[in-house]
Amino acid sequence: MADHALAGEHHPSPASSAATALGPLLLLPSELLHEILLRLAVPELLRVRSVARPLSSLISSPDFRRLYHLSSASSGSGPAAAWLLLFKKLPPRDAAIRGFHGPSGRWFRIPVSAILAPAVPPGEDLYFLAASGSSFLFAANGRRELVVVDLTARAARRLPPSPLGPRGTSSWRRFGLKLVADPPGSNRFRFLFAELVNNTPFLFEYRSETDTWQQTEAVLAEGSSPASPGGTYLCAAHAGPDCVMVYAGPGAGDRPVFFRPRFPNAAAGAGHGDRLHVYGDGSAAVVRSAAVEDPAGRARAKVVTGVELYGFAGVGGDWELVGSVPGELVEGFRKPYGVMTGLLAEREGVVRLVLISNCRGAWDLVWLSYDRARGGGWRWVPVPDWGRSKGLNMAGIAVSSTFSRLWPPASTSCGARQ
């Protein structure tokens, strides 16, 4: 499947004929025109903006951007809600992020090599850590530092070392970090990560506004208190079902708190070999698998047999079952795999679980969502292969719901990439 350019590339298009075809649309009342455009996802908006000057001015206006942001924020799991972002660096000179937009069922290519070049020396080994709003965060293994890309400004810069000093890519754990646009819709951000230092949980926070780090030792949570919206959960350490959670936010006081939640016996199990535990944003997914014969007959493989979602009743409490993926959905993505990892994120009541597996060099992605805010309900979003997953040099993956509230300046265009 061909992917499409999202930003940074120009592609010739029959703009004059397209503008003529859009003529009747331009005659509609402004209220109706706004209603139509607000229903489009970012890729479609970019295409429309590139073919007609009146629509370009409208879509790029601050008023429309504000309306679109508000519409996106209230869309839940709708078209503007989330992107699956994957960093591919093969070859290095053409490093790019692939973004999959579920409602349109298409992959888009987001070039970042030219933006990274001034801040990253040639040959540097990069790993994609997280994304929020217009900010994309990378870890540089050679220089052992963090690099942030601002897509709206088309600029990259290096972050000062954290209080733990220079860190290579293997030191960053996906379950223990979070990037947050602050305030939402801006290019300012906070980067938080939790880590055990001499067996004591610490929370580290970087603020782009001041370009400084802050570290705070977490204290043990006393009992269980109701969870408050707006808090941040990070996993400071984990080994199968055992984990150390750090919480910062409303109800935690001046310092973050930590606790060691326990799973029900059935979820923990005596052995961990057939269970994958994925943590993120105060939730946990338990993925059960069973061994099967590899279709090629060369090695043992596994298939997923069940997925369960757990959450907290309160800060300091144990894991409680939220829901299980229906068996008919599991059957839809039962494919043999050799190794598997996962990513779990929640925003505005929608929990998104991505499972990344590999079988004989071919990657497979499974994207599930659970709408907790609307009373539950699982959804499987099929992710098509764009034809380059065999031997893919994948270096990081993220889910971002705020990325849908971003589009490049009016000078860039969006078109199909052959």
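Each chain carries its own residue numbering, running from 1 in the written order of its sequence. pLDDT decides what is reported in this predicted model: residues at 70 or higher carry local features, side-chain atom pairs at 80 or more are listed and counted, and totals for whole chains, interfaces and linings draw on all residues regardless. For the side-chain quantities, the full set of heavy atoms in the structure was used; hydrogens and water were omitted.

Named according to an unreviewed UniProt entry, the protein chain is F-box domain-containing protein originating from Panicum virgatum.

Student: What exactly am I supposed to notice about the overall build of the protein chain here?
Tutor: A run of H or I in DSSP counts as a helix once it spans at least four residues, and a run of E counts as a strand once it spans at least two, with each numbered from the N terminus. A tally of regular secondary structure across the protein chain gives nine helices and 27 strands. Put simply, of all contacts in the protein chain between residues at least 6 apart along the chain, 56% involve residues at least 24 apart. To measure how exposed things are, a 1.4 Å probe is used in the Shrake-Rupley method; for residues, cover is taken only from the protein chains shown. On the protein chain, roughly 18500 Å² of surface is accessible, and the fraction owed to carbon and sulfur atoms is 53%. It only takes one pair of heavy atoms within 4.5 Å for two residues to be counted as in contact.

Student: Can you walk me through the packing of aromatic side chains in this structure?
Tutor: We describe a pair of aromatic rings using the distance from one ring centre to the other and the angle between the two ring planes. Aromatic pairs are defined between Phe, Tyr and Trp rings, using the six-membered ring for Trp, whenever the two ring centres lie within 6.5 Å; interplanar angles under 30 degrees are classed as stacked, those over 60 as edge-to-face, and all others as tilted. Tallied over the full model, the rule gives 26 aromatic pairs. Here W172 and F191 contribute two aromatic rings whose centre-to-centre distance is 5.7 Å and whose plane-to-plane angle is 55 degrees, an arrangement assigned as tilted. Taken as a pair, W172 in the loop between β8 (155–158) and β9 (177–181) and F191 in strand β10 (residues 189–197) lie far apart in primary sequence, 19 residues in all. Grouping residues by exposure puts W172 and F191 together as buried. Centre to centre, the rings of Y233 and Y247 are 4.8 Å apart; their planes meet at 45 degrees, and the pair counts as tilted. Relative accessibility under 20% of the residue-type maximum defines a buried residue, over 50% an exposed one, and the middle range a partly exposed one, all with a 1.4 Å probe and only protein chains included.

Student: Honestly, the pairing of strand β3 (residues 96–101) in this entry has me stumped. Any pointers?
Tutor: As a general feature of sheets, a regular strand has side chains that alternate between the two faces. Across the six residues that make up β3, a large majority, six, are buried. Both faces of β3 are covered, namely the face carrying A96, R98 and F100 and the face carrying I97, G99 and H101. Relative to β3, strand β2 (residues 83–88) is paired through six bridges, and the arrangement is antiparallel. Bridging across to β3, W83 finds its partner in H101. Strands qualify as paired when DSSP identifies two bridges or more between them. As paired elements, β3 and strand β4 (residues 106–111) share six bridges and run antiparallel to each other.

Student: In this structure, what is going on with the pairing of strand β5 (residues 126–132)? I would like to understand it.
Tutor: For β5, the buried fraction is high: six of the seven residues fall into the buried class. Sheet topology places β5 next to strand β6 (residues 135–140); six bridges connect them, and they run antiparallel. Looking at the pairing, F128 lines up with F138 of β6. The loop that links β5 with its antiparallel partner β6 comprises two residues; one of these, G133, has a positive phi angle of about 60 degrees.

Student: When you look at the sheet that holds strand β23 (residues 339–347) in this model, what are you seeing that I'm missing?
Tutor: In any sheet, the strands associate via hydrogen bonds between backbone groups, in a parallel or an antiparallel arrangement. Spatial strand order, β23-β24-β25-β26: four strands in an open sheet with antiparallel pairing. Looking at the sheet topology across the chains shown, the edges are occupied by β23 and β26 (378–381). The average angle at which neighbouring strand axes cross in this sheet is 20 degrees, direction not considered. Pairing of strand β25 (residues 362–371) with β26 involves four bridges; the strand directions are antiparallel. Its bridge partner lying in β26, S369 is registered against R379. Orientation is described by lines fitted to C-alpha atoms, with helices fitted over the stretch in contact, and by angles between N-to-C directions that extend from 0 to 180 degrees.

Student: Explanation requested: the nonpolar core in the structure shown.
Tutor: For soluble globular proteins, the rule of thumb is that nonpolar side chains tend to be buried together. We define the nonpolar core as a collection of buried residues of types Ala, Val, Leu, Ile, Met, Phe, Trp, Tyr and Cys that are connected through side-chain atoms lying within 4.5 Å of one another. Counting 38 residues, the largest nonpolar core has M245, F259, Y279, V304, W319 and L353 as the members making the most contacts within it. If one sorts the elements of this core by residue count, strand β20 (residues 300–312) sits on top with five residues. Other than its neighbours up to four places away in sequence, M245 contacts Y233, L234, C235, V257, F258, F259, P261, F312 and W319. Judged by nonpolar contacts, the second largest core, of 33 residues, contains V48, W83, I97 and L151.

Student: Would you explain the sheet that holds strand β13 (residues 219–220) in this entry?
Tutor: Reading across the sheet, the four strands line up as β13-β17-β16-β15 and stay open at both edges, with mixed pairing between neighbours. The sheet is open, and its two edges are formed by β13 and β15 (232–239), each paired on a single side. Examined bridge by bridge, strand β16 (residues 242–248) and strand β17 (residues 257–259) share three bridges and lie antiparallel to one another. Directly across from M245, in β17, lies its bridge partner F259.

Student: It is not clear to me how the pattern of salt bridges should be interpreted in this structure. Could you clarify?
Tutor: Where charged atoms from two side chains of opposite charge approach closely, those side chains can pair. In what follows, salt bridge is the name for a side-chain nitrogen of Lys or Arg lying within 4 Å of a carboxyl oxygen of Asp or Glu. Scanning all chains against the criterion turns up 16 salt bridges. For R207, the salt bridge goes to E205, with nearest N and O atoms at 3.2 Å. With its nearest N and O atoms 3.7 Å apart, the salt bridge here joins E331 to R334. The exposure class assigned to E331 is exposed, which follows from its relative accessible area of 54%. Here the salt bridges share partners, and the residues they tie into one network are D182, R190, E205 and R207.

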